[in-house]
Amino acid sequence: MNVQIKQLTKIYGSQKAVNDISFSAGLGVLGFLGPNGAGKSTTMKMLTCFLPPTSGSADICGFSLDKQSLQVRANIGYLPENNPLYTGMYVKEALAFVASIHKIEQPEQRIADVIALTGLGEEQHKKVGQLSKGYRQRVGLAQAILHDPPVLILDEPTSGLDPNQLIGIRQLIRDLGKTKTVIISTHIMQEVEAICDRVIIINKGKIVADDTLTGLLAAHGSNSLEKIFVKLTNSAA
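Residues numbered from 1 in each chain as written. Predicted model: local features only at pLDDT ≥ 70, side-chain atom pairs only at ≥ 80, totals over all residues. Heavy atoms only, no water.

- Going by what an unreviewed UniProt entry lists, the protein is known as ATP-binding cassette domain-containing protein and is assigned to Mucilaginibacter calamicampi.
- One UniProt comment on the protein, placed under Sequence similarities (unreviewed entry), says "Belongs to the ABC transporter superfamily." (UniProt positions renumbered as here; feature names shortened; annotations may be inferred.)

1. Examining the UniProt feature "domain: ABC transporter" (unreviewed entry) in the protein
Inference 1: Within the UniProt annotation, "domain: ABC transporter" (unreviewed entry) is assigned to residues 3-229.
Inference 2: Helix makes up 36% of residues 3-229 and strand makes up 27%, while its end C-alpha atoms are separated by 24 Å. (Helix = DSSP H or I, 4+ residues; strand = E, 2+ residues; numbered from the N terminus.)

2. Let's talk about the packing of helix 5 (residues 133-145) against helix 6 (residues 163-176)
Inference 1: As a packed pair, helix 5 and helix 6 sit with axes 12 Å apart at the nearest point and diverge in direction by 15°. Taken together, the axes of helix 5 and helix 6 lie roughly parallel to each other. Crossing angle aside, the handedness with which helix 5 passes helix 6 is left-handed. Taking contact as the criterion, the partners of Gly 134, Tyr 135, Arg 138, Leu 141 and Ile 145 in helix 5 are, on helix 6, Gln 165, Ile 169, Leu 172 and Leu 176.
Inference 2: Taken together, the residues that form the contact of helix 5 with helix 6 break down as 6 nonpolar, 2 polar and 1 charged. (Axes fitted to C-alpha atoms, helices over the stretch in contact; angles between N-to-C directions. Parallel < 35°, antiparallel > 145°, perpendicular 65-115°, else oblique. Left-handed = near helix turned anticlockwise from the far one by under 90°. Contact = heavy atoms within 4.5 Å. Nonpolar A, V, L, I, M, F, W, Y, C, P; charged D, E, K, R; others polar.)

3. What to know about the side chain of Gln 143
Inference 1: Along the chain, the position of Gln 143 falls in helix 5.
Inference 2: Setting aside chain neighbours within four positions, we find Gln 143 in contact with Leu 85, Ala 94, Leu 95 and Val 98.

See below:
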């Protein structure tokens, strides 16, 4: 398993934002779902070393979150929810900068490959600040996959994309899941049903469901993930 999480907890004052969660993830696309404030983004920030956990442990590709954070970061591609970008740089320039940070060999070829994968060909010579929200999201995704990491953590990866763009990016995420561990957070249930192999639902900091998509639907006697989500996240944690 590329991701191993044991009793991970994050406390802010008296609030347990993430409360003693454990799960593992291997190849495939894992949908990490929950209502606003459930602890999704906090968990992702801990896994990517942006926030230290209060307690518990996590290993990424065999590297410990608290003792080997540089190795953890090297093995993760992260698209955060707010997708911070260098808006004054040209798209190709921004990707070259990220490639230099990761010391990628033959960066020009890798950048060209990633631009093609994310559909940025016609935008590559524009400044990031000139792009629409959807294309900025593609730049963020391109940066996340540029160093070819075995684990991808994508927080709202299709935010701002139009229906035509959605099709291409969803297919890309599905394809990435064939060779990588992909953890995505989204509020779009149809998206989860379209691309995820497995689903974890978190509510008030605790995991309330962890199953394959097929298994989750069967266990709740429902053909709608949305109904299951509402049922589990409206109940007391």
